[in-house]
Amino acid sequence: MSRTAAILFLALVITGSASARQSASVSGFVRDAETRETLILANVLVQGTSSGAATNTSGYYVIDGLSAGTYRILASYLGYRSAVFDVTVAAGEARRLDIELEPEGLTTGEVVVEADRESVEERQRLGVARLTTAAIRQLPTVLEPDVFRSLQLLPGVKAASDFSSGLYVRGGSPDQTLILLDRTTVYNPSHLFGFFSTFNPDAIKDVRLFKGGFPAEYGGRIGSVVDVYNKDGNRRETRGRLSVGLLSSRAFLEGPYSRGSWMVAVRRSTLEPLFAGLRSADVEGIPNAFYFYDVNAKVNIDLGRGDKVSFSGYAGQDMLDASFLEGLDIGLTYGNRTFSADWTHLFSERLFSELTVTASRYASDADFSIARTEVGRNNSVYDLTMKGDLEYVHGEGHTVKGGFWVGMFTMRLANVFDARENFASRIHAPYGSAFVQQSWKASERWNLGGGLRLSWFGEGNHVRLEPRASAEYVTRQGVRLQAAYGRYAQYLTLISSEVFSGLDTWLTTGRGVEPAYGDQFVVGVKSFLPGSIGFEWEAYYRTMRDLFQLDPFLQDPAGVDYDRLFHFGYGRAYGTELTLTRSFGRATGFVGYTLGATRRRFDAINEGAYYPPKYDRLHDLTAVVNYDLSSKWRMTTAFTYATGQAYTEPASQYRLVDFPFTAEEQPALVSPFNAARLPDYHRLDIGFTNRGRFFGFADYELQLQVINAYARRNVWFYFFDFDPDEAAGLVKRETVPQIPVPVPNIAFSLSF
């Protein structure tokens with residue numbers, strides 16, 4: 001497949017190489033002037049023309065198709081001072097211009113969704129949202145700043161509950177979202193049983209969310225992509241940051257050395273003293289032991305002006321020992337390990353390459369003692385990959401990119417009952433893909449894009465072809481009309497646990513188990529309203545075919561053929577999203593609204609009719625406002641409202657007599673599946689941030705926050721129990737709330 005991609009790529013390159021030799025170009029890297037950290041998606045424009053470019057994930061840009069002459073180059077990035085350069089180029093000249101941008105003193109423009117009137121990348125991306133580290137730390141959060149919690153505030157992204165960091169994007173389940181850390185797949189990005197994600201905000205440089213219609217360079221999932229990049233490290237001086245909070249404490253250190261830079265970030269839970277105090281007070285349900293930790297590290301080596309090698313790694317783990325009920329003991333350990341080695345090389349000013357080798361491991365080991373009966377589950381995932389990309393830019397706004405992705409996926413699953421292994425499965429499958437894509441500025445007003453991805457999965461020998469296309473028209477008033485289409489295939493499915501995310505299990509396609517696939521159709525309008533308010537409207541429709549999930553009615557999987565473990569179904573999702581953003585001034589923020597629906601259909605559920613999954617929401621409203629009270633104090637508020645999630649409400653019951661598994665009569669419920677709704681969800685969080693100098697040797701940041709400020713008792717779930725005294729067979733209902741009271745949070749950080 002890599003040969004196919006190379007042939008297609010070279011054919012497209014040769015097509016425009018002649019015109020490229022006649023035109024001049026300006027290229028280089030855009031960096032932070034204080035740290036020399038590369039800036040992803042910085043904008044570099046030629047003033048007075050429609051020419052421009054955005055930096056790629058390595059901070060590199062190319063502006064091509066220039067005639068001989070003198071030009072004024074404008075470089076900008078949100079939260080940084082813009083810079084202007086006068087550049088003279090001769091015919092056919094390839095001019096190198098590396099740019100450094102100065103950060104603003106007190107960044108008043110950092111919000112969750114970035115908008116820039118001069119942003120080239122916004123013209124090319126439909127359904128893309130970005131996060132910065134400062135934005136993540138700024139938002140009010142439950143105990144800990146978190147990447148996924150911040151993403152859940154975006155239109156089209158939903159949360160299952162206050163206690164879940166899972167991403168439900170445009171009607172898709174969490175396993176339909178590809179999660180990458182430095183180009184490495186992360187299979188269980190959660191801590192504290194899903195309470196928040198594994199990504200330490202101190203270590204993160206950039207987060208991009210592709211909500212739909214993503215280009216051919218991404219694949220393996222039918223829903224969305226979260227692309228996370230670690231910081232490279234400060235190239236000018238050694239700096240650090242210490243943070244102390246109620247849930248965890250963090251330490252971050254970065255600095256230069258003779259050939260590049262390095263970065264280390266460590267985080268560990270600090271709940272042990274609280275748990276010890278609660279146990280001494282005889283509070284029930286407190287774990288006997290619990291901790292989590294994670295470590296991020298990265299080293300960059302500059303081999304030359306056009307060559308850089310980087311090595312990055314992540315390690316994280318959760319451990320729980322608890323006795324929640326009499327006769328029920330739980331021991332659970334789970335975590336991730338990732339490693340990536342990346343080499344970027346400039347063959348010329350127009351030809352950029354990147355080669356990456358990655359390794360990802362996820363493992364969970366769960367032991368339960370139920371009435372002295374030992375039950376256990378061991379699950380592990382190993383993924384070794386190699387990826388290679390070539391990006392070529394030639395005249396008249398034409399960019400071609402091609403690449404390959406090959407790997408070996410290994411999954412092991414074993415169940416133990418009463419000290420005996422009663423089920424074991426091992427999947428060892430090679431896989432690969434190749435892609436080619438191009439973007440073309442056809443005229444001053446038309447921007448076109450297209451791509452093709454060919455993917456293969458060895459278990460079952462499945463091959464899929466995935467076309468992608470996009471178009472944009474810019475009106476004379478600067479309104480951008482956008483559309484995108486894509487077909488996507490997925491070879492994995494996640495068996496989610498309702499108890500702990502550490503019990504989640506990945507399974508794959510195989511013989512008799514076809515991969516899931518789907519089509520996405522997205523349209524959008526982007527513009528600016530008076531007052532520098534960004535306006536974005538998007539509508540989407542997506543299909544989900546050949547969904548495969550573990551059959552919930554399967555009593556005992558031992559000895560069952562692999563294809564008999566699953567049941568198969570279909571899904572669809574559709575909706576519209578509206579976002580208003582203000583990124584400049586004393587008051588910044590955004591308001592986002594989603595009107596959407598998602599449905600699933602499996603033959604054995606709801607009599608084969610379509611039903612809403614639990615994460616279906618008709619209405620979803622989010623408002624985030626940052627207001628600078630003074631040069632040192634900032635107030636942040638975040639309000640969310642959503643339609644209540646679907647659930648199955650008991651409607652009637654009957655009794656089973658001569659039930660084969662017990663001699664006693666057993667009550668059974670009869671109810672339409674997910675036909676009822678929990679009450680609507682809404683919550684207000686408020687935070688205050690104070691910044692200043694700490695005794696002259698460090699900068700401090702003090703955060704005071706209140707989560708659920710007006711004590712809304714949002715329903716988590718209902719617990720139903722039979723009332724044996726009721727002849728009609730009615731049930732009692734008990735409400736289990738989410739966060740029922742205002743929760744204060746305080747965090748203190750030092751940067752030095």
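Okay, so let's go over this structure.

So, how was this worked out
- Residues numbered from 1 in each chain as written.
- Predicted model: local features only at pLDDT ≥ 70, side-chain atom pairs only at ≥ 80, totals over all residues.
- Heavy atoms only, no water.
- Pairing = 2+ DSSP bridges.
- Helix = DSSP H or I, 4+ residues; strand = E, 2+ residues; numbered from the N terminus.
- Axes fitted to C-alpha atoms, helices over the stretch in contact; angles between N-to-C directions.
- Patch = residues over 30% accessible without salt bridge, like charges linked within 9 Å, V, L, I, M, F, W, Y side chains within 5 Å.
- Areas by Shrake-Rupley, 256 points an atom, 1.4 Å probe, with all protein chains shown as cover.
- Salt bridge = Lys/Arg side-chain N within 4 Å of Asp/Glu carboxyl O.
- Lys, Arg positive; Asp, Glu negative; His and termini not counted.
- Charge placed at Lys NZ, Arg CZ, Asp CG, Glu CD.
- Buried < 20%, exposed > 50% of the residue type's maximum accessible area, 1.4 Å probe, protein only.
- Polar contact = N/O pair within 3.5 Å; in protein donor to acceptor, adjacent residues only side chain to side chain.
- Contact = heavy atoms within 4.5 Å.
- Phe/Tyr/Trp six-rings, centres within 6.5 Å; stacked < 30°, edge-to-face > 60°.
- Lys NZ or Arg CZ within 6 Å of the ring centre and 35° of its normal.
- 1 Å grid on protein atoms, 1.4 Å probe; cavity = no way out; pocket = protein on both sides within 12 Å on 5 of 7 lines; lining within 4 Å.
- Points joined across faces, edges and corners; volume = space filled by probe spheres on them.
- Nonpolar A, V, L, I, M, F, W, Y, C, P; charged D, E, K, R; others polar.

A look at the sheet that holds strand β3 (residues 52-54)
Line of reasoning, step 1. Pairing within the open sheet is antiparallel, and its four strands lie in the order β3-β2-β5-β6. Here the strands that pair on one side only, and so sit at the sheet edges, are β3 and β6 (83-89). Averaged over all pairs of adjacent strands, the angle between their axes in this sheet comes to 20°, without regard to strand direction.
Line of reasoning, step 2. Note that strand β2 (residues 43-46) and β3 share three bridges and pair antiparallel.

Considerations on a negative patch on the surface
Line of reasoning, step 1. Taken together, the side chains of Asp321, Asp329, Asp365, Asp367, Glu374 and Asp418 make up a negatively charged region of the molecular surface.
Line of reasoning, step 2. Relative to the elements of secondary structure, Asp365 occurs in strand β24 (residues 351-370).

A few points about the pairing of strand β28 (residues 446-457)
Line of reasoning, step 1. With 11 bridges connecting them, strand β27 (residues 420-441) and β28 associate as antiparallel partners. Bridging from a neighbouring strand, Val436 pairs with Leu452 of β28.
Line of reasoning, step 2. Counting the residues that bridge the hairpin from β27 to β28 gives four residues.
Line of reasoning, step 3. For β28 and strand β29 (residues 462-474), the ladder comprises 12 bridges, and the chain directions are antiparallel. Bridged to Gly450 within β29 is Ala469.
Line of reasoning, step 4. What sits between β28 and β29 in their antiparallel hairpin is a turn of four residues, with Gly460 showing a positive phi close to 95°.

A look at a nonpolar patch on the surface
Line of reasoning, step 1. Taken together, the side chains of Leu246, Val625, Tyr627, Leu629, Trp633, Phe688, Leu704 and Ile746 define a hydrophobic patch exposed on the protein surface, amounting to about 630 Å² of accessible area.
Line of reasoning, step 2. Of note, Trp633 is situated in strand β38 (residues 633-642).

Observations regarding unusual backbone geometry
Line of reasoning, step 1. One non-glycine residue, Asn606, adopts positive backbone phi at about 55°.
Line of reasoning, step 2. With respect to the secondary-structure elements, Asn606 resides in the loop between β36 (587-602) and β37 (619-628).
Line of reasoning, step 3. At Asn708, a residue that is not glycine, the phi angle is positive and equals roughly 60°.
Line of reasoning, step 4. With respect to the secondary-structure elements, Asn708 resides in the loop between β44 (698-707) and β45 (715-722).
Line of reasoning, step 5. Assessed through its relative accessible area of 0%, Asn708 is described here as buried.

Section: the sheet that holds strand β12 (residues 177-181)
Pairing between sheet strands relies on hydrogen bonds along the backbone, with the strands arranged either parallel or antiparallel.
Line of reasoning, step 1. Spatial ordering of the open sheet is given by β9-β16-β17-β12-β13, a layout of five strands whose pairing is mixed. Two strands lie at the open edges of the sheet, namely β9 (128-131) and β13 (184-185), each paired on one side alone.
Line of reasoning, step 2. Pairing geometry for β9 and strand β16 (residues 204-210), over four bridges, is antiparallel. Following the sheet pairing, Arg130 is matched in β16 by Arg208.

Topic: the side chain of Ser340
Line of reasoning, step 1. Take Ser340: it is sitting in strand β23 (residues 328-346).
Line of reasoning, step 2. Side-chain polar atoms of Ser340 contact the side chain of Ser312, separated by 2.6 Å.
Line of reasoning, step 3. With residues near it in sequence (within four places) discarded, Ser340 still touches Asp182, Thr184, Ser310, Phe311, Ser312, Thr356, Val357 and Thr358.

Quick look at the packing of aromatic side chains
Between two aromatic rings, the relevant description is the distance of the centres plus the angle of the planes.
Line of reasoning, step 1. Applying the stated criterion across every chain, the model contains 26 aromatic pairs.
Line of reasoning, step 2. Judged by centre distance (5.3 Å) and plane angle (10°), the ring pair of Phe457 and Tyr491 falls under stacked. Taken as a pair, Phe457 in strand β28 and Tyr491 in the loop between β30 (480-490) and β31 (492-495) lie far apart in primary sequence, 34 residues in all.
Line of reasoning, step 3. Site record: aromatic cluster; members linked through ring pairs are Phe694, Phe695, Phe697, Tyr700 and Phe748.
Line of reasoning, step 4. Over the ring of Trp405 we find Lys387, and its NZ or CZ is 3.8 Å from the ring centre.
Line of reasoning, step 5. Directly above the ring of Tyr718 sits Arg733, whose terminal nitrogen or CZ lies 4.0 Å from the centroid.

Re empty space enclosed by the protein
Line of reasoning, step 1. With the rule as written, the count across this model stands at nine cavities of 30 Å³ or more.
Line of reasoning, step 2. Its volume calculated, the second largest cavity comes out at about 250 Å³.
Line of reasoning, step 3. When contributions to the lining of the second largest cavity are tallied by element, the ones reaching two or more residues are β26 (398-417), β27 and β28.
Line of reasoning, step 4. Here the element with the most residues in the lining of the second largest cavity is β28; it accounts for four residues.
Line of reasoning, step 5. Across the lining of the second largest cavity, the residue classes tally to nine nonpolar, six polar and three charged.

Digging into the environment of Gln152
Line of reasoning, step 1. Counting through the fold element by element, Gln152 comes out in the loop between α4 (147-151) and β10 (157-158).
Line of reasoning, step 2. A relative accessible area of 10% means that Gln152 is categorised as buried.
Line of reasoning, step 3. For the pair Gln152 and Gly166, spaced 14 residues apart in sequence, the C-alpha to C-alpha distance is 8.5 Å.
Line of reasoning, step 4. The residues contacting Gln152, other than those within four sequence positions of it, are Val157, Lys158, Ala159, Ser164, Ser165, Gly166 and Leu167.
Line of reasoning, step 5. Within the structure, the side chain of Gln152 is placed 2.9 Å from the backbone oxygen of Gly166, a separation counted as a polar contact.

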